[in-house]
Amino acid sequence: MSMTSMKRWEDALRVEKAGPLATLQDAGRFGARRLGVTQGGPADLHAFAWANHLLGNAFGAAVLEITLGGLTLIAERDLRLALCGADLSATREGAPLAPWQAFTLHKGERLAFGSPRAGVRAYLAVSGGFQGEPVLGSLSCVTREGLGGHSEAGTPLTDGEALRVDAELAGAIAPGEAPTVPDRERLDYSAPAVLGLIPGAQIGDFTGPSLFRAFHAEWRVDARADRMGVRLTGPRLECRLGGMISEGIALGAVQVPPDGQPIALLNDRQTVGGYPRLGTLTPLSCARLAQCQPGQVVRLAPVALGEAQGVHRRFLAALKG
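The rules behind the values
- Residues numbered from 1 in each chain as written.
- Predicted model: local features only at pLDDT ≥ 70, side-chain atom pairs only at ≥ 80, totals over all residues.
- Heavy atoms only, no water.
- Pairing = 2+ DSSP bridges.
- Helix = DSSP H or I, 4+ residues; strand = E, 2+ residues; numbered from the N terminus.
- Axes fitted to C-alpha atoms, helices over the stretch in contact; angles between N-to-C directions.
- Salt bridge = Lys/Arg side-chain N within 4 Å of Asp/Glu carboxyl O.
- Buried < 20%, exposed > 50% of the residue type's maximum accessible area, 1.4 Å probe, protein only.
- Contact = heavy atoms within 4.5 Å.
- Arc of directions from axis to C-beta.
- Core = buried A, V, L, I, M, F, W, Y, C linked by side-chain atoms within 4.5 Å.

A. Up close: the sheet that holds strand E10 (residues 118-126). The sheet built from 5 strands is open, its strands ordered E2-E3-E10-E5-E8 with antiparallel pairing. Every interior strand has two partners, whereas the edge strands, strand E2 (21-25) and strand E8 (101-105), have only one. The sheet shows a mean angle of 25° between the axes of neighbouring strands, direction not considered. Pairing between strand E3 (residues 63-67) and E10: 4 bridges, direction antiparallel. For Glu65, the partnering residue across the bridge sits in E10 and is Tyr123.

B. Representation of the pattern of salt bridges in the model. This model, assessed by the stated rule, comprises 16 salt bridges. A salt bridge links Asp259 to Arg231; its shortest N-O distance comes to 3.0 Å. Of the two residues, Asp259 sits in the loop between strand E17 (253-255) and strand E18 (263-265) while Arg231 sits in strand E15 (residues 229-233), which places them 28 residues apart along the sequence. By relative accessible area, Asp259 is classed as partly exposed at 36%.

C. A look at the environment of Gly154. Structurally, Gly154 is set in the loop between strand E11 (130-131) and strand E12 (162-166). Overall, Gly154 belongs to the buried group, its relative accessible area being 4%. Here the alpha-carbon distance between Gly154 and Phe48, two residues 106 residues apart in the chain, equals 19 Å. The residues touching Gly154, leaving out its near neighbours within four places in the chain, are Cys141, Val142, Thr143, Gly146, Leu147 and Gly148.

D. Representation of helix H3 (residues 208-216) within the structure. All of the buried residues in H3 are Ser210, Ala214 and Phe215. One side of H3 holds all its buried residues, which, seen down the axis, span an arc of 120°. Where H3 is buried, its residues touch strand E13 (193-199), strand E14 (219-225), strand E20 (277-281) and strand E21 (297-302).

E. Spotlight on the environment of Lys107. For Lys107, the location among the structural elements is in the loop between E8 and strand E9 (110-112). Using a relative accessible area of 61% as the deciding quantity, one classes Lys107 as exposed. If sequence neighbours within four positions are ignored, Lys107 has contacts with Ala75, Glu76, Arg77 and Asp78.

F. Fine view of the nonpolar core. Counting 46 residues, the largest nonpolar core has Cys84, Leu278, Leu281, Leu289 and Val298 as its most contacted members. The biggest single contributor to this core is helix H2 (residues 45-54), with 7 residues. Excluding residues within four positions of it along the chain, Leu289 makes contact with Leu195, Val221, Val230, Leu232, Ala264, Leu281 and Val298. The next biggest cluster of nonpolar side chains, apart from the first, holds 32 residues, and it includes Leu79, Leu83, Leu139 and Leu163.

G. The arrangement of the sheet that holds E13 in detail. Spatially, the 7 strands close up into a barrel ordered E13-E20-E17-E18-E15-E14-E21, and their pairing is mixed. Averaged over all neighbouring strand pairs, the angle between strand axes comes to 40°, with direction disregarded. Here E17 pairs with E20 via 3 bridges, running antiparallel. Residue pairing in the sheet places Val254 in a bridge with Gly279 of E20. Against the sheet, H3 contacts E13, E14, E20 and E21, and its axis sits at roughly 120° relative to E21.

And the structure:
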């Protein structure tokens, strides 16, 4: 760490109660998959991007991803923050705090997250982004690989630890800051999710009835869901393909193991896999799936590659600037 960084960084939020899983995530770790290192990054890119956008931060600034609530933080200084994503029953000094807005937390005030009301993951951003030493070019925490995060060792927050900020930026109000997210961008996480899927290389190896079921049946999110992937339960899908040589796995790849129940792979997935794939979920569909609670209904909808690329470009143009 440089002397300049040491002078500018200071503790901002002290962890009073850590909760089940709270980690730092920036845009992700890229260029290292040849080493078997996955990308990490925000499970919900949509909420992550809006949290930073509200504060006028750079698109990839590091935020705190809070999974399932249970977290309590104490401000060590005055801070300008933004909260987006799941409704985790957040309170500021005991008063309810709704997501999708920017707000100020004064020194000594308590920010607490309870049980999920809608969604799974909330994103807390600070002006200038949370600070730390990058590992392989990223602050993103991947617990499975022991990389990144506030500790550089891939560990979630624990009681008594602190998150650091740039002292010159943390309390500032950026010229482009917006107080709230537009209503049209506030997703209803309790509603059934329609997930766009780009057909993949092995889709022709699935039986006709299986393909019909894949895109016409309801699927439910299994309890076996985390940042690595989400298992979907529903009708059994059958593939005529036997063994496969392992291939590189992209974000959103939908693999179908021998039990016929698809698994959508997310940010902390393995880098290669040998199960046939229906295709790949679009990035925003991955984000939507990451907010689904166990038992929630989802549907798969085929989408053309060009259409998916256009939607993603427009999203990036609006929020990346």
